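Coordinates in review
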Amino acid sequence: MQPGRAEKRWMYETMLLSRRYEEAIEKIYLEGKQPRFDMAAGPIPGEMHLSNGQEPCAVGVIAHLEAHDTVTATHRPHHQAIAKGVDLKEMTAEIFGKKAGLSGGRGGHMHLLDPRVNFVCSGIIAQGLGPALGAALSRTMQGKPGVAVAFIGEGAVNQGAFHETMNLAALWNLPLIVVVEDNAWGISVSKKDSTAVERNHVRAAAYGIPGHFVPDNDPIAIYDVAGEAIARARRGEGPTLIEIETDRLAGHFMGDAEQYRPEGEKDALFARDPIPRLRDQMLAAGELSAEDVASIDAAVARRIDEAVAFARESPYPEPSDALEHAFHPVT
Amino acid sequence: MREIRYREALREALMEEMERDGTVFLMGEEVGHYEGAYKVSQGLLAQFGEQRVIDTPIAEAGFAGIGVGAAMTGLRPIIEFMTWNFSFVAFDQIISNAAKIHQMSGGKLTCPMVFRGPNGAAKQVAAQHSHSVDPFYTNIPGLYVVMPATPRDAKGLLKTSIRNDDPVVFLEGETLYNLKGEVPEEDEDELIPLGVARVAREGDGCTVVAWGRPFHNAMEAAEILAKDGIELEVVDPRTLRPLDTDAIVRSVKKTNRCVVVHEHWPYGGPGAEIVDVVQREAFDYLDAPVERVAAWDVPMPYASNLEELVLPTTERVLEAVRAVSYR
C-alpha cells in the first residue's frame, strides 16, 4: 500500500510540524532551568520526553486512521498527538500547565487526552494496551466502525500487560494494532540487555497473529505495513503486531546526559534523520518543489508560533480548579 | 418483605441493570459458563449471551484495562474479580487509569465502571487470600468504595454503583453470600444512594461504627449488651468513600462514646479516618477515648484457631464497648 501524493505531503508536513514543535518546546523548557538544571523552574515544569526521530512511526500509522479510531500513546506522545489531530494550541497550553489546556492543566505533557479525536496517553509503561483493546471491544460491541492503535516502546514489550493484551486481542479477534516504536533504548538500558529476542515482532507468533518488522525508520514502508494491518482489522480479521526500527534523537528525557550511548551513535542517528530524507526523496521525485518546502516551513512555523503564544498568554488554573473533576459533581 | 440471600440480591441487581441498560456488561474469570466462583452471575449468560457476560482468561491486568477502555468509550463494564486479592495484579489499571481519567482529562472523559468481588477473609485460605482491601482503595480520590453488609444494601447499592458515572470499588463479603435478609420486591427498583450511612440499630449507650462482616458482630454485641442495659447505636457507613461523616458524628454526639469495628488491619484506613473525624468534630462530646476493633496486625495465619484470634469477634466488640463505657 503506497501513499498518494497528498498523503505523502501530509506525512512530510506532519513530521516537520512535530519536529519543529519539539524544537520550540525544547527551547522554552530550558528557559529558567539553567545554568544548573532545575526541573521545576521555567514556563514548562516537570519531565519532558521528546519524540524527535520517531515521527515516521506516528505519521505512517495514523495516516490510515479516522477521528473515531482510538490511539493510546505513551509518555513520549507529541508526534502521535500531532498526527492524530489533537488541537495544537490546547496541547501546548496543557504542556505549560495552563487553564486553557486540554485538561485544564491537570495532565501535562505525558497525559494529553483529547476525546474529540479519541486520543489518550499514559505515563505508565504498557498501561495503554488494555484500554486500547477495551476501546476496540467497545466499538465492536456497539456495532460501530473503528479500530484501536496502541503505541508502545520496545521496553513495554517486556511488561506483563503486553502479553495479557495480545493474548486477549487474538483470542477475541479484535481490531487492535500494537505498534512498537523500537528506539533501542529503555532509558539507559539497551534492548539487547533487556530483551530475550532480537526482534519483538516474532512474539506475534505466540498469539497466532501477524507480526511485521519495518526497518530503517522509513515512513513510506511504515505506511505500507500499517495500511495492510489496519485494513485487515477493519475487515474483522483481528489484531496485528508491528515493530518499527526507529531512532530517539534526544535523551530519554531532557536533562539526560546520555553517557550510555556509544561514541558516535548520535552523529550516525542524525545522519539518517528521516525528515530530510523524505524531503529529499520527494524533491527528487518531483512530489515537492523548493517553493512547497518553503511554504510548508512557513506554515509549520506559523502554527507553532500561534500555539506557543496561545499557551503563554493563557492564565494558570484557579486555585479552586485543584478540587475539580476528581469525581463527578454529586447530583 | 421477602427474604433473599446476599448472593441473590447481587444477582438481581446485575440482572435488572443489564435489562435496563444495554451498555452494561459483566466481564471476569468464571462469570459466564461457571456462573461465578460464588454463583453471583447464575443465569446471566443464559439471559444475556456471551456478548455481555464475558469469560476472560486469568489476566486481571488485561481485563481491568479492557474495562477502562470500554468505559471511556461508551459502555458500563462490571469487572468481577474472583476475589479482591487478585485485584493487586490489576492495581495499576484501577488506580492509575480508572481513578485518574476523569480528572486528568479535565472532566472530558468518564470512566463509569464497577469493579466487584468478594473482600476479606473467608475460612482458612491464609495470608494471600484473606485481604480486606478497603484501606487500599479508600485512599484514592477518584474511586467510590462501597461495602454492603446486608442483602438489601447489596442490591440497592450495586444498582446505584452501576449507574454511577465514576468508577466504583464494590466490596462484597466473602462470608456473606449465603446471608438471608429482607429485600424489597423486584419491581421496586430501590436505589440506595452512595455516601449515606444506615443507622441499623438505635441506642444511646455507645455508637458502634461497623461495616462488612464485623457489622454482624456489632449487631450481635448489641443484642447481648441490651440485656445489661447498654443500648448500642450501630451505624453502618455502607459507602466508605465518600464517607457519611455527618451520620457518624451525629450519633457520637448522642451517645458520647464510640467504637469502630472493621476487618481491615489497624494501621490507617477508614477505621483510623473515622476516629480522626470523631475526635475533631465531636471532641467535646466524648466521654471516653474512641476504641477500635480491627484484625490483628499480622498476615492472616492458616490455622483455624489462629485465624479466629486475628479476626474481629463479637467478644472483642463487647470488650471495647465495656472499655469506653467504663463497665
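Everything that follows concerns the structure shown earlier in this document.
Below is a summary of the structure that appears in this document. (Residues numbered from 1 in each chain as written. Chains lettered and ligands numbered in written order. Predicted model: local features only at pLDDT ≥ 70, side-chain atom pairs only at ≥ 80, totals over all residues. Heavy atoms only, no water.)

What follows covers the overall build of chain B. The secondary structure content of chain B amounts to 12 helices and 14 strands. For 327 residues, the compact-globule estimate of 2.2 N^0.38 gives 20 Å, and the C-alpha radius of gyration of chain B, at 19 Å, lies within 12% of that figure. Counting all 327 residues of chain B, 62% fall into the buried class. Considering only contacts within chain B whose residues lie at least 6 apart along the sequence, 81% involve residues at least 24 apart. (Helix = DSSP H or I, 4+ residues; strand = E, 2+ residues; numbered from the N terminus. Rg over C-alpha atoms; globule rule 2.2 N^0.38 Å. Buried < 20%, exposed > 50% of the residue type's maximum accessible area, 1.4 Å probe, protein only. Contact = heavy atoms within 4.5 Å.)

Between chain B and chain A, the contact holds 42 residues from the first and 31 residues from the second. Regarding the contact of chain B and chain A, the summed buried area is about 3,100 Å², with carbon and sulfur atoms giving 66% of it. Between the two partners, chain B and chain A, sit one salt bridge. The salt bridge involving Glu-90 of chain A is made with Lys-108 of chain B; its shortest N-O contact spans 3.8 Å. The interface formed by chain B and chain A contains 11 residue pairs in polar contact (both at pLDDT 80 or more). Of all elements in the fold, only β2 (24-28), β3 (53-55), α3 (60-72), α4 (91-98) and α5 (101-104) of chain B reach the threshold of two or more residues within the side of chain B that touches chain A. Ranked by residue count, the leading element in the side of chain B that touches chain A is α3 of chain B, at 10 residues. (Buried area = accessible area lost by both parts, 1.4 Å probe. Salt bridge = Lys/Arg side-chain N within 4 Å of Asp/Glu carboxyl O. Polar contact = N/O pair within 3.5 Å; in protein donor to acceptor, adjacent residues only side chain to side chain.)

Here we take up the sheet that holds strand β4 (residues 76-80) of chain B. Residue and element names in this part refer to chain B. Pairing is mixed in the open sheet, where seven strands are placed in the order β3-β2-β4-β5-β7-β6-β12. The open sheet has two free edges, formed respectively by β3 and β12 (239-241), since each of these has just one partner strand. For this sheet, the mean angle separating the axes of adjacent strands, direction not counted, is 20°. Set on the sheet, α3 makes contact with β2, β4 and β5 (114-119); between it and β4 the angle comes to about 165°. (Pairing = 2+ DSSP bridges. Axes fitted to C-alpha atoms, helices over the stretch in contact; angles between N-to-C directions.)

The subject of this paragraph is the sheet that holds strand β3 (residues 148-153) of chain A. Residues and elements named next belong to chain A. Strand order in the open sheet made by the six strands is β2-β1-β3-β4-β8-β7, with parallel pairing throughout. Each of the sheet's edge strands pairs with one partner strand only, and the pair in question is β2 (119-121) and β7 (211-214). Here the average twist between neighbouring strands, direction ignored, is 20°.

Moving on, we get to the nonpolar core. Residues Phe-162 of chain A together with Phe-81, Trp-84, Phe-115, Tyr-137 and Val-278 of chain B are the most contacted members of the largest nonpolar core, which totals 78 residues. When residues of this core are sorted by domain, at least three fall in each of domain 1 (2-188) and domain 2 (198-324) of chain B. With residues near it in sequence (within four places) discarded, Trp-84 of chain B still touches Ile-94, Phe-115, Arg-116, Gly-117, Pro-118, Asn-119, Val-133, Tyr-137, Val-169, Phe-170 and Leu-171 of chain B. Among the nonpolar cores identified, the runner-up in size contains 65 residues, and Met-15, Ile-177, Ala-229 and Ile-230 of chain A belong to it. (Core = buried A, V, L, I, M, F, W, Y, C linked by side-chain atoms within 4.5 Å. Domains from an automatic or database assignment.)

All names here are of chain B. Counted by the stated rule, this structure contains four cavities of 30 Å³ or more. Here the largest cavity is characterised by a volume of approximately 120 Å³. Here the residues of the lining of the largest cavity sort into nine nonpolar, four polar and one charged. Both of domain 1 (2-188) and domain 2 (198-324) provide at least three residues apiece to the lining of the largest cavity. Within this model, the second largest cavity holds a volume of roughly 70 Å³. Along the walls of the second largest cavity sit 16 residues, with Asn-119, Met-147, Gly-173, Arg-213 and Glu-263 positioned nearest its centre. Among the residues making up the lining of the second largest cavity, the classes are represented as six nonpolar, six polar and four charged. Shared between two domains, the lining of the second largest cavity takes at least three residues from each, and those domains are domain 1 (2-188) and domain 2 (198-324). (1 Å grid on protein atoms, 1.4 Å probe; cavity = no way out; pocket = protein on both sides within 12 Å on 5 of 7 lines; lining within 4 Å. Points joined across faces, edges and corners; volume = space filled by probe spheres on them. Nonpolar A, V, L, I, M, F, W, Y, C, P; charged D, E, K, R; others polar.)

Let us now look at the layout of surface pockets. Residue and element names in this part refer to chain A. Roughly 450 Å³ of internal volume is contained in the largest pocket. Secondary structure elements with two or more residues in the lining of the largest pocket: β1 (70-73), α3 (78-84), β3 and β5 (185-186). At three residues, the largest contribution of residues to the lining of the largest pocket is made by β3. Residue composition of the lining of the largest pocket, by class: 11 nonpolar, 16 polar and four charged.

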